[in-house]
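# Architecture at a glance
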Amino acid sequence: MFLSIGSYAQKATVSGFLIDSKGKALENANIAILGASGTKSDKNGKFSIQIPANQDIQIGITYIGYSTIIKTFNLKPNETASFSLKMKQKSHNIDEYRHEVEGNRGDPMVKIEPKLASNFTSASGSFEAILKTLPGVSSNNELSSQYSVRGGNFDENLVYVNDIEIYRPFLTRSGRQEGLSFINSNLVSDIKFSAGGFGARYGDKMSSVLDVTYKEPEEFAGSFTASLQGAAMHIEGASKNHRLTYLTGVRFKTNQYILQSLDTDGSYRPSFFDVQTFITYDINEKWEIGFLGNIAQNKYKFIPETRETDFGTINESLQLTVFFEGQEVDQFQTYFGAISNTFTPKEGVELKFITSAFSTLEDEKFDIEGAYRIDELERDLSSDNFGDVKFNRGVGTFFDHARNTLDAYVLNAEHKGKKITKNHTTFWGVKYQHEFIDDKLSEWGFIDSTGFFIPSATTDSIGYTTPSVQGEELLELNEVLKSRVTLNSNRYSAYLQRSWVWEHDSINYTFNAGIRSAFWDLNQELIISPRVAFSFEPNWKKDYLFRLAGGVYYQPPFYREMRDFEGDINKNIKSQRSYQAVLGSDYNFEAWGRPFKFTTEIYYKHMENVIPYEVDNVRIRYFATNNANAYAAGIDFKINGEFVKGVESWFSMSIMKAQENLTDDSFTTYLNSDGETIVAGFTTNAIAVDSFITEPGWIPRPTDQRVNFALYFQDYIPGLPSLKMHIALYYATGLPFGPPDNHDRYKATLRIPPYRRVDLGFSYLLKDANKEHKSKLIKGFKNIWVSAEVFNLLQINNVISYLWIKDVTNRTYAVPNYLTSRQLNLKFHFEF
C-alpha cells in the first residue's frame, strides 16, 4: 500500500547529501519513506524529503552496488533535520565486477564501472573492449580498439578525457599496428557512454560519445600488471592538505605473442609505449588548476616469410602459398598536453578554461614482395591424397611499396561552464581550434599473374625498321598514390544546453534541450545543431522509465574525409548531416531476490550529404564527395543483473539495417549482336549494338551488420568467491565487401562470413586487502590477482578482409585474411 506524503497535515523535512568512499557525489540515489513514495538525490548528491511530524518514520536510502541505509526520525512540525552520510559499497569481494551504476536514468549517457573495464578479458587489452559488448556497438576485429555504433564508422565516435576531445592516428591500416589506446584504465574514475541521442554539450559527430574522467586521488596508492601482452604501472597520491593530487601511468605493450597466431609466418616486432600524467593543484578553495599530459611511441616492424591459406568451397577447395621478401616499418608518435583552470565562484557554478595541444608524427614504410601459387586441393574423401595439392592453378607475384609520412597538430582553447539550480542545470561553452596537417603519400603496387613483369602494351620491336614509330611500352601498376598536401584551418564552435528535472503527481520528469553551432573557415560552412531529450518515470507498481531523444547531428569533415583514393584534397566538401530519433525504455525488476534491468531502444537515422567510403581492416578510405544519402534503423536490447548473486552479467542484441544511395553511380552495360554482355578481355564478339543504363539504388553501407549479439557472464565458486570466471561471447553477421577494381561502391554487396568469438578468463585473488596475510613477501600489497585467459576459445577463423590475386587466365580470387587463433595469456596484478 502506498501512502501520500501530501495527505499529512503536519510535516517536517529531512535533507542532506550522499557521497561515496572517495567523496564523490552519488546522483539519483533513492530516498523514500518505507512503504511510501520518495525522491532522488541530485547531481551534487543533495536531497530533501518531507515526512510526517510527531511520529517515528523510517527512511530508506538505496543505490545500486551500495549497502541500503535505514534511519528512523521523529521530528516536530516544520523542523528540518540534516542527514548526510558516506555510503559503503556492498561487501562481496567482487566490486570490481559490477557493470553499470544507476546514475540519472533519464540521461542517455550510460555509466560503466571503471574497475570492470580495466579487468575485461580481450586480445587487444584496450580500455574500449568492454564497449563492444554493449547494445548498438559492434566490431569484427579483436586486435583493434575501434568500434562502430549503429551503422556509423570509426571516425563518427567522440571520445573525451577530462572534457578534452581525443584523436586517433591517421595512417593506421590494420589492428596489429594500432598499439595502445589513449585511455589508461588504471587512471579512470568515471565512464559514460551514449550510442545516440546525446546532448548539445557534446561535439559534432553522428554516432556515439565516450566521456571518461580521470581520478583525483585522496591517498597514496598504485598498481603493477604484467602479462604475456606487456606490462603497466601506475601511482597516485595527494599532499597532506589535499591541495595537490597526482596520477601517473606507464604502459608497455607488445602483441607479438598474439600476432604469431596469424596465418602469415614471420618476425613480428611490435613495441608500444606510453606515459600519462594528471596533476591538479588547488590554488584556493575556488580555483583549481590541472595538467593532463601524454607521450606515446608506437612502433611496428614486420618481416614476413611465408603464408599458407586454405579457402574456397567443398566443390572448389583451393590453397594459396606465398613466399615473401622485404619488410614493413611503421612509427606513430603522439604528444598531448592540456592545462585546465576550474573556478567555482559560488555554490552551483563552475567555470572551466582549457587549452590543449595534440601532435602526431606518423611514418609508414614497407617494401614487400610476394611470390604466390594457387593450387587446387584433392576433395575426394576416398582418396589417400585428400587435402593434398591436386594440381596448380597458376603462379604470380605482387609487390607493395609505400613511403608515407604525416605530421599534424591540433591546438584548442575553450571555455565550458555549468550552473546548477534547484530544478535545472545549464551548460554552455565556446571553443577555438586550429589544425595543421602536412601529408606526403607515396605508394604503389602491382599484381603479375604470370610470374613475369609484362608491359601493358602489346607492341614490340619485331618488324620495326624505324625505332621512332615503335609504340611506348609501360609497366602498368594497379594502384598509384602520389601527393603532398599541407593544410591550415580554424574551427569555431559554441553550445548552450539546459536540463530540467521535476516531479508531478509522483511522476519524475527530465527534459534536456540544447543547441550547438560550428564554423570552419576552410569550406566557409556554418552548421547549427538542435538536440532535445525527454524522459518520464511513471508511478507504476513496476519500475519503468521511458525516453525520447532526437536532433540534428553533423559530422564536419576532418582530414580523412577530404582525401580521395588518389590522395587529392576536396576543400569544398561539406559536413554530413543526420536527423536522428531514439525511443527507449528501461525496466528495473527483481528475480530470485536480485536486481535486474531490461533496456530497449528503437532508433532511426536519416543522413544527407553523406561521404561514401570503403573499409579495409581498420583503414577507412573516403570518396571525398558529398554524393550520397543514407539511413540506419534498428532496435537494441540489453538485460543485465545478478544472474549469479553479487556479480553483474549482461546480454545484448542489436538488429540493424544501414543503406546508402549514391547519386552518381549509374553504369552502362553494352550488348553485342548475340545479346551477350560485353566483358572487356573475355567476350569474343566485343562489338556493341545495344546498351542500357542501370541505377544501383540503395546498397548496404560498409558497416551494415544486420544482427549483433554479445554476452558477458561472470561466476564464482560458492564458498570461494576469490576464484572467479568470466566469459565474453560475440556473434555478428558479416559485413559487406566487394572487388577493389575502380572502387565501385555498388559492387560491394558480397558478405564476409559472420564474426564468432569466445574469450574465457579465470582469476584468483591471492591477497585480499580486507584480510591479514602471514607471508612477509606479499604483506605489503593490498590486493594480488593472478589470471589465466584463453582468447578465441573455440578456435574460429574469423575473416577481417581479403587479399585479391589473379591466375594466368586473369581470374581474380578473394583470399581471406584471418584474424588470431586460440591463444593463452597469463596476467598478474598487484595493488599497493
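Residues numbered from 1 in each chain as written. Predicted model: local features only at pLDDT ≥ 70, side-chain atom pairs only at ≥ 80, totals over all residues. Heavy atoms only, no water.

### A word on the confidence of the model for the protein chain
Filter applied, for reference: Each residue carries a pLDDT score, the predictor's confidence in it, ranging from 0 to 100. The contact criterion used throughout is that any non-hydrogen atoms of two residues lie within 4.5 Å.
Of all residues in the protein chain, 91% attain a pLDDT of 70 or more, and the chain-wide mean is 86. Note on residues 1–8: pLDDT under 50 across the span, and 11 contacts to partners over four residues away in sequence or across chains.

### Examining the sheet that holds strand β15 (residues 208–214)
Rule in force here: Note: two strands are recorded as paired if DSSP finds a minimum of 2 bridges between them. Going along the chain from the N terminus, every DSSP run of H or I of four or more residues is numbered as a helix, and every run of E of two or more is numbered as a strand.
The strand order across the open sheet built from 5 strands is β9-β14-β15-β12-β13, with neighbouring strands paired in mixed fashion. The outermost strands of the open sheet, each flanked by one partner alone, are β9 (110–112) and β13 (164–165).

### A few points about a nonpolar patch on the surface
To keep it simple, the criterion reads: Each patch is built from residues that are more than 30% exposed by relative accessible area and take part in no salt bridge. Like charges join if they lie within 9 Å; nonpolar side chains (Val, Leu, Ile, Met, Phe, Trp, Tyr) join within 5 Å. All accessible-area figures derive from a Shrake-Rupley calculation using a 1.4 Å probe, and residue coverage is judged against the displayed protein chains alone. Throughout this description, the term salt bridge denotes a Lys or Arg side-chain nitrogen within 4 Å of a carboxyl oxygen of Asp or Glu.
Taken together, the side chains of L244, I279, Y281, I283, F291 and I339 define a hydrophobic patch exposed on the protein surface, amounting to about 450 Å² of accessible area. With 3 residues, strand β19 (residues 264–284) is the largest single contributor of residues to the nonpolar patch. Looking at where L244 falls in the secondary structure, it is placed in strand β18 (residues 244–253).

### Quick word on the pairing of β18
The cut-off we apply is this: The buried label applies to any residue whose accessible area, calculated with a 1.4 Å probe on protein chains only, is under 20% of its type's maximum; exposed applies above 50%, and partly exposed to all values in between.
Burial along β18 is one-sided: T245, L247, G249, R251 and K253 are buried, while L244, Y246, T248, V250 and F252, pointing the other way, are not. In the sheet, strand β17 (residues 230–238) pairs with β18 via 9 bridges, with the strands oriented antiparallel. Looking at β18, one finds that E236 is bridged to L247. Counting the residues between successive antiparallel strands, the hairpin from β17 to β18 contains 5 residues, one of them, H242, with a positive phi of roughly 60°. Sheet topology places β18 next to β19; 10 bridges connect them, and they run antiparallel.

### Some words on the side chain of T599
With respect to the helices and strands, the residue T599 is situated in strand β30 (residues 594–610). Of the residues examined, T599 reaches a relative accessible area of 17% and is grouped as buried. The contact partners of T599, leaving out residues within four places of it in the chain, are R547, S585, D586, D636, F637 and K638.

### A short note on the pattern of salt bridges
Overall, the coordinates contain 37 salt bridges when judged by the stated rule. Here E347 and K46 are joined by a salt bridge, their closest N and O atoms 2.2 Å apart. Taken as a pair, E347 in the loop between β21 (317–343) and β22 (349–377) and K46 in strand β4 (residues 46–52) lie far apart in primary sequence, 301 residues in all. A salt bridge links D375 to R373; the shortest N-O distance between them is 2.9 Å. Assessed through its relative accessible area of 2%, D375 is described here as buried. Here the salt bridges do not stand alone but share partners, grouping R150, R547, D586, E601 and D636 into one network.

### Let's talk about the environment of A413
Within the secondary structure, A413 is located in strand β23 (residues 389–420). For the pair A413 and A338, spaced 75 residues apart in the sequence, the C-alpha separation amounts to 9.7 Å. Ignoring sequence-local partners within four residues, the contact set of A413 consists of I354, T355, V430, K431 and Y432.

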